[in-house]
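Architecture and fold: a report
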Amino acid sequence: MAAGAAAAAIGLVRVLPAHPGTVAVIGTPGEETGGAGKVRLAEAGAFDGVDAAVMFHPSDRSATTQHALAAAHPRVAFTGRSAHAAKSPWEGRSALAGAQLFLNAVDALRQFVPPTARLHGIVSDGGQAPDVVPAHAAVQRGKA
């Protein structure tokens, strides 16, 4: 993307050498690394004074429009009751089991959402030791 953006900027300057404006290439963080990179840059003033901004994704074909995939990164926390998994697991209530069931349910939901939707998730907290029924667990939309 960066090479393409630089080439586009160079091409624009060469095609319109007498244009009074300024052409700038502003690199932005990937949306996959936590999302909202462009929003953060805008909030920090990186686009102040910019009259037009253009962005593209490389592809194997030309397209003037692209369906947007909005990204949300919800974190869902589960609470249970800790217990030693070898000594008395029946005294525990596994938060991790709840997280696993949640992700399985999300996976089963995929067949009912349109092909333009994306559902991903990771276990971001699954306990601290394999021999302890975890009292806390969490899942988060994957940062792919």
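Notes on the structure follow. It should be emphasised that the depicted structure is a prediction, and the values quoted were computed from it without experimental measurement.

Quick word on the overall build of the protein chain
Of regular secondary structure, the protein chain possesses 3 helices and 5 strands. The helix and strand sequence of the protein chain, counted from the amino end, reads α-α-β-β-α-β-β-β. For the protein chain, restricting intrachain contacts to residue pairs at least 6 apart in sequence, the fraction spanning at least 24 positions comes to 53%. About 10,800 Å² of surface is accessible on the protein chain, with carbon and sulfur atoms providing 59% of the total.

Considerations on the environment of A129
One can find A129 in the loop between β3 (122–125) and β4 (132–133). What makes A129 partly exposed here is its relative accessible area of 32%. Placed 44 residues apart in sequence, A129 and A85 show a C-alpha to C-alpha distance of 9.8 Å.

Thoughts on the sheet that holds strand β1 (residues 75–79)
Strand order in this open sheet of 3 strands is β1-β5-β3, and the pairing throughout is antiparallel. The open sheet has two edge strands, β1 and β3, and neither has a second partner. Within the sheet, the average angular offset between the axes of one strand and its neighbour, ignoring direction, is 30°. In the sheet, β3 pairs with strand β5 (residues 136–140) via 3 bridges, with the strands oriented antiparallel. Within β5, the position partnered with I122 by the bridge is Q140. Of the strands in this sheet, β1, β3 and β5 are in contact with helix α3 (residues 95–109), which crosses β5 at around 20°.

Things to note about the pattern of salt bridges
Summed over the entire model, instances satisfying the criterion amount to 2 salt bridges. When the shortest N-O distance is used, the salt bridge between R61 and D60 registers 2.5 Å.

What to know about the environment of H120
Here H120 lies in the loop between α3 and β3. A relative accessible area of 40% places H120 in the partly exposed class. The spacing of H120 and L103 is 17 residues in sequence and 8.7 Å in space, taken between C-alpha atoms.

Looking at α3
For α3, which comprises 15 residues, the first-to-last C-alpha distance of 21 Å matches the rise-based estimate of 21 Å (1.5 Å per residue) to within 8%. Looking at the buried residues of α3, the elements they touch are β1 and β5. For α3, the N-terminal capping position is held by S94, with its side-chain oxygen 3.3 Å away from the main-chain nitrogen of L96.

Examining a nonpolar patch on the surface
Together, L12, V13, V15, L16 and V23 give the surface a local cluster of nonpolar side chains, amounting to about 420 Å² of exposed area. Its place among the elements puts V23 in the loop between α1 (2–15) and α2 (37–43). The exposure class of V23 is partly exposed, given its relative accessible area of 40%.

What to know about the pairing of β5
Working note: regular strand, side chains alternate between the two faces of the sheet. Among the 5 residues of β5, 4 are classified as buried, and the element is accordingly described as predominantly covered. Of the strand pairs in this sheet, β1 and β5 are connected by 5 bridges, and their pairing is antiparallel. Residue pairing across strands places T79 opposite H136, the latter belonging to β5.

Topic: the nonpolar core
Judged by nonpolar contacts, F78, A95, A99, A137 and V139 together constitute the single largest core of 5 residues. Secondary-structure elements contributing two or more residues to this core are α3 and β5. Among residues more than four places away in sequence, those in contact with A95 are F78, T79, G80, P134, A135, H136 and A137.

About the criteria used
Residues numbered from 1 in each chain as written. Predicted model: local features only at pLDDT ≥ 70, side-chain atom pairs only at ≥ 80, totals over all residues. Heavy atoms only, no water. Helix = DSSP H or I, 4+ residues; strand = E, 2+ residues; numbered from the N terminus. Contact = heavy atoms within 4.5 Å. Areas by Shrake-Rupley, 256 points an atom, 1.4 Å probe, with all protein chains shown as cover. Buried < 20%, exposed > 50% of the residue type's maximum accessible area, 1.4 Å probe, protein only. Pairing = 2+ DSSP bridges. Axes fitted to C-alpha atoms, helices over the stretch in contact; angles between N-to-C directions. Salt bridge = Lys/Arg side-chain N within 4 Å of Asp/Glu carboxyl O. Expected span 1.5 Å × (residues − 1). Polar contact = N/O pair within 3.5 Å; in protein donor to acceptor, adjacent residues only side chain to side chain. Patch = residues over 30% accessible without salt bridge, like charges linked within 9 Å, V, L, I, M, F, W, Y side chains within 5 Å. Core = buried A, V, L, I, M, F, W, Y, C linked by side-chain atoms within 4.5 Å.

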